[in-house]
Amino acid sequence: MIRLLTANDTLTGDVIWWSGKGWSLNLADAVALGAEGDALLAEVVAAENVNDPNIIEAEAGSPPRPRTMRERIRGFGPTVRADLARAAAPHPDQTKAA
Amino acid sequence: MYRYDQYDQALVDARVDEFRDQVKRRLAHEITEDQFKPLRLMNGLYLQLHAYMLRVAIPYGTLSGTQMRILGGIARKYDRGYGHFTTRQNIQYNWIKLEQAPDLLAELAAVEMHAIQTSGNCIRNISSDQFAGSAADEVADPRPYAELLRQWSSFHPEFSFLPRKFKIAVTASDHDRAAVKLHDIGLQLHRNAAGELGFRVFVGGGMGRTPFIAPVIREFIPVSQYLSYCEAILRVYNRYGRRDNIYKARIKILVHEIGAEEFTRQVEAEWALLEPLALDAPTAEYERIKAQFAPPAYDAAAPDSIDRSDPDFAVWVDHNVAAHKVPGYAIATISLKPVGGIPGDASAEQMELIADLAAKYSFDEIRVTHSQNLVLADVRKDQLHALWSALAAADLATPNLDLVTDIIACPGLDYCALANARSIPVAQSIAVRFANLDRQHDIGELKIKISGCINACGHHHAGHIGILGVDRKGEESYQLSLGGSGAEDTSLAKILGPGFSEEGVVDAVEKVIEAYRALRLNPQERFLDAYRRVGAEPFKEAVYG
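This is a predicted model, so every value here is computed, not measured.

Draft legend 1. Just the overall build of chain B, in detail. Across its full length, chain B carries 17 helices and 20 strands. A compact globule built from 545 residues would reach a C-alpha radius of gyration of about 24 Å, and chain B, at 23 Å, matches this within 12%. Viewed in the frame of its principal axes, chain B has a C-alpha envelope of about 60 × 60 × 60 Å. Excluding contacts between residues fewer than 6 apart, the proportion of contacts in chain B whose partners are at least 24 apart in sequence is 68%.

This is the structure we're talking about:
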């Protein structure tokens, strides 16, 4: 498992991922955090420029696959609206009915 | 329907201006998120999984065609082309941008709508019977009383920071379409032996983590005094409600812990102090409001029959059309539950079409139901076929009201930050499994209600079949409960046994339903009645072997 830093954009509410240089809307841009992760999170929390910053676990890949359904839904979009999916790749949890 | 006066409009406009300034300060980082969060929540703006979610109040589920048209336009302009009608008769938008929220609220204010008190520990939107004013079985129109409650509770300075959120429902029929016994306060309009109009007062009902059916604390309070009586209830709750534990802060816990008898004694004592203060609305004010709910100009010459020669139309009439108090008219329910669709979702185009149809066929008025459907409450019987044809062309004429595919589902983990599991895909899979209309009609009335977490926005406790999504070591799991009801025969569903996977719960529901079909006395015996007659065992046997 790798660790990713995520949050919601204050202006738009969009899910955002730490790319190493800044925030990205694309989960594929997320970088695995090293030992600096917790300090980075503390810094982001203190800066209050984004909402609900958090570190999550994911399987490495392109894009990474977040461990929990909640984070996969945040990363890829609702499983019930294929048209609202965030990434070009199919949602890993897309339902048949959608 | 009620139209804002200068005071209503001034309050709402002022709130938009205030919020615009608050957003501006937040975006300029002049206030922190911790400071801003309670301010945005007071205006119904949540941060959910994907974006900000705005919950817009629809008082007692009633809105005009003009308002619906604006809701559709907002879906297109500020969201992603759709909205979600909720179990509290509101609408939610899932993809709102903070910077656009003030403009959105200004558009709502221009048509006498807002998002105030759709969040927070205050008195929330007043809910009511979606057939109010038109129902053949009501003793009087409950909407003027619901409107008075709306005005009384809006910005009420004493009740803006309650121990927890507070929900009030009003109905006027013995057949309960508003789930009054599952609200913090449920008010049922009825007549006493002398023929006077008053309310039966239920207090302390609710679902969520700890469900309770509300006991009656007063059999009759005259309509002239119900506001001060509600004030007394809220005062007792505000004084003794648990502020130390969020899970025990609802009034239902207080009523349960001290007992309905002691709670009633305290309310009566408080009311004895309040009653002489003449806090109730003057008769003239009530009459002013009531006049705005005067019956529309019904055509006394409207034929009181329906041409049922079109078989598909006849099926829709049988399931989605209810009796109206005026001969020649009917109440039509628009299903927002097409098979495989998302319960309660409507596209901008559908909302605009419904607005047009309301203007053409139902005196420009629409109702939202707590079952996440819409209602045109005043349709001429000889225009039902034309209405149905227009609805069918927009996938809005599914003839499934109260059937197995008319499923209540909260947004669940697909949208909601509180959810533990997805609700919508389960509802979709069940609907697809039972898509065959003949099979649905053979099963008869069967209310499935699905929640994605213990907060029970999907009313699973009140489902004939209730499904609760939970998290089991990082995996979605679904508990099945049977025997709940939100109607006049209110009951709480009981867990059947161990939980299931997403696919497993659909199979389990089918096994329950097939067991019911095998054991029912006759096709007229509803699932709920059969369950109450035989108990859980035959269903456990069918599901778990």
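Draft legend 2. Fine view of the interface of chain A and chain B. Listed per partner, the contact involves 22 residues of chain A and 26 residues of chain B. Those elements giving two or more residues to the side of chain A that touches chain B turn out to be strand 4 (50–59) and helix 2 (69–76) of chain A. The element best represented in the side of chain A that touches chain B is helix 2 of chain A, accounting for 4 residues. Its residues placed into classes, the side of chain A that touches chain B shows 8 nonpolar, 9 polar and 5 charged.

Draft legend 3. Summary view of the confidence of the model for chain A. Of the residues in chain A, 89% have a pLDDT of 70 or more, and the chain-wide mean is 89. Strand 1 (residues 2–9) of chain A holds the highest mean pLDDT among the elements of chain A, 97, whereas helix 1 (residues 37–47) of chain A holds the lowest, 94.

Draft legend 4. Focus on the domain arrangement of chain B. Residue and element names in this part refer to chain B. The domains assigned to chain B are domain 1 (6–110), domain 2 (142–290), domain 3 (311–393) and domain 4 (408–544). The distance between the C-alpha centroids of domain 1 and domain 2 comes to 27 Å. Of the residues lining the interface, 4 residues belong to domain 1; the matching set on domain 2 comes to 5 residues. Partitioning the side of domain 1 that touches domain 2 into residue classes produces 3 nonpolar, 1 polar and no charged.

Draft legend 5. Up close: the UniProt feature "domain: Nitrite/sulphite reductase 4Fe-4S" (unreviewed entry) in chain B. All names here are of chain B. As annotated in UniProt, the feature "domain: Nitrite/sulphite reductase 4Fe-4S" (unreviewed entry) corresponds to residues 119–271 and 405–543 in the numbering used here. Along residues 119–271, the helical share is 30% and the strand share 18%, with 28 Å between the first and last C-alpha atoms. The span residues 405–543 is 36% helical and 17% strand by assignment, and the distance between its end C-alpha atoms comes to 20 Å.

Draft legend 6. Inspection of the sheet that holds strand 15 (residues 374–380) of chain B at higher detail. Residue and element names in this part refer to chain B. Spatially, the 5 strands line up as an open sheet ordered 3-14-15-12-11, and their pairing is antiparallel. Where the open sheet ends on each side, the last strands, each with one partner, are strand 3 (62–64) and strand 11 (321–323). Strand-to-strand twist of the sheet, defined as the mean angle between neighbouring strand axes without regard to direction, takes the value 30°. Where strand 14 (residues 365–368) lies against strand 15, 2 bridges are found, and the strand directions are antiparallel. Bridging across to strand 15, R367 finds its partner in V375. Where helix 11 (residues 348–361) meets the sheet, it contacts strand 12 (329–334), strand 14 and strand 15, and its direction lies at approximately 25° from that of strand 15.

Draft legend 7. Inspection of unusual backbone geometry at higher detail. Put simply, S62 of chain A and P63 of chain A share a cis peptide bond, and its omega is 0°. Mapping P63 of chain A onto the fold places it in the loop between strand 4 and strand 5 (65–66). In this structure, A179 of chain B is a non-glycine residue whose phi angle is positive, near 55°. Structurally, A179 of chain B is set in the loop between strand 7 (168–171) and strand 8 (185–191). Owing to 24 C-beta atoms within 10 Å, A179 of chain B belongs among the buried residues under this scheme. Although it is not a glycine, A456 of chain B adopts a positive phi angle of roughly 65°. Among the structural elements, A456 of chain B can be located in the loop between strand 17 (448–451) and strand 18 (465–472).

Draft legend 8. Structural context of helix 16 (residues 527–534) of chain B. Residues and elements named next belong to chain B. Within the span of helix 16, buried status applies to F527, L528, A530 and Y531. Each buried residue of helix 16 sits inside an arc of 165° when the element is viewed along its axis, so together they form one side. In the segment just after helix 16, G535 is the residue with positive phi, at about 80°.

Draft legend 9. Structural context of the packing of helix 7 (residues 251–258) of chain B against helix 8 (residues 260–274) of chain B. All names here are of chain B. At a minimum axis separation of 6 Å, helix 7 and helix 8 run at an interaxial angle of 110°. Taken together, helix 7 and helix 8 sit at an angle that is classed as roughly perpendicular. Where helix 7 approaches helix 8, its residues L254, V255 and I258 are matched on the opposing element by A260, E262 and F263. Of the residues contributing to the contact of helix 7 with helix 8, the split by class is 5 nonpolar, no polar and 1 charged.

Draft legend 10. Layout of helix 11 of chain B. Residues and elements named next belong to chain B. An ideal rise of 1.5 Å per residue puts 20 Å on 14 residues; helix 11 measures up with 20 Å between its terminal C-alpha atoms. Every buried residue of helix 11 is accounted for by A348, Q350, M351, E352, L353, I354, A355, L357 and A358. F363 sits one or two residues past helix 11 and shows a positive phi near 50°.

What counts, and at which threshold
- Residues numbered from 1 in each chain as written.
- Chains lettered and ligands numbered in written order.
- Predicted model: local features only at pLDDT ≥ 70, side-chain atom pairs only at ≥ 80, totals over all residues.
- Helix = DSSP H or I, 4+ residues; strand = E, 2+ residues; numbered from the N terminus.
- Rg over C-alpha atoms; globule rule 2.2 N^0.38 Å.
- Contact = placed C-beta atoms within 7 Å.
- Nonpolar A, V, L, I, M, F, W, Y, C, P; charged D, E, K, R; others polar.
- pLDDT = per-residue confidence, 0-100.
- Domains from an automatic or database assignment.
- UniProt positions renumbered as here; feature names shortened; annotations may be inferred.
- Pairing = 2+ DSSP bridges.
- Axes fitted to C-alpha atoms, helices over the stretch in contact; angles between N-to-C directions.
- Buried ≥ 20, exposed ≤ 12 C-beta atoms within 10 Å, placed from the backbone.
- Arc of directions from axis to C-beta.
- Parallel < 35°, antiparallel > 145°, perpendicular 65-115°, else oblique.
- Expected span 1.5 Å × (residues − 1).

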